[in-house]
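Coordinate inspection notes
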Amino acid sequence: MASGNAINRTWVCQLVDGTPMIDWGNGQVQDILTGDYRPFDEGEFSHVATDRDLELLRRAGRVSAYTSRMVYLIALPEARRAILD
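In this report, the structure presented in the accompanying data block is examined.

Conventions used here
- Residues numbered from 1 in each chain as written.
- Predicted model: local features only at pLDDT ≥ 70, side-chain atom pairs only at ≥ 80, totals over all residues.
- Heavy atoms only, no water.
- Buried < 20%, exposed > 50% of the residue type's maximum accessible area, 1.4 Å probe, protein only.
- Helix = DSSP H or I, 4+ residues; strand = E, 2+ residues; numbered from the N terminus.
- Pairing = 2+ DSSP bridges.

1. So, the pairing of strand E2 (residues 12-15)
Neither face of E2 is left uncovered, since the one carrying Val 12 and Gln 14 and the one carrying Cys 13 and Leu 15 both have all their residues buried. For E2 and strand E3 (residues 20-25), the ladder comprises 3 bridges, and the chain directions are antiparallel. Paired with Gln 14 across the two strands is Pro 20, which belongs to E3. The turn linking E2 back onto E3 is made up of 4 residues, and Gly 18 within it adopts a positive phi angle of 90°. As judged from the 3 bridges shared by E2 and strand E6 (residues 45-48), these two strands associate in the antiparallel manner. Of the residues in E6, the one forming a bridge with Leu 15 is Phe 45.

Read these as spatial facts, not as claims about activity.
Below is the structure:
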């Protein structure tokens, strides 16, 4: 069994500029390489990650494994949240 955080493969995408992202919905994406969150505009979308894209991420140490339906990500930083006073 693969290790890491399993997410649906359709959530992993490439932007027009080549940046690999996770689309968390509600206009929010996370850069897989840096862990940074940012707003997302549909015009930035290029394609759902291909096997080649995922293999590059595996070699970079960000993905532990992938199947036709799932991607197993190495731990990424969580979204920043406001601290309650």
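Now that the structure has been shown, the text picks up again.
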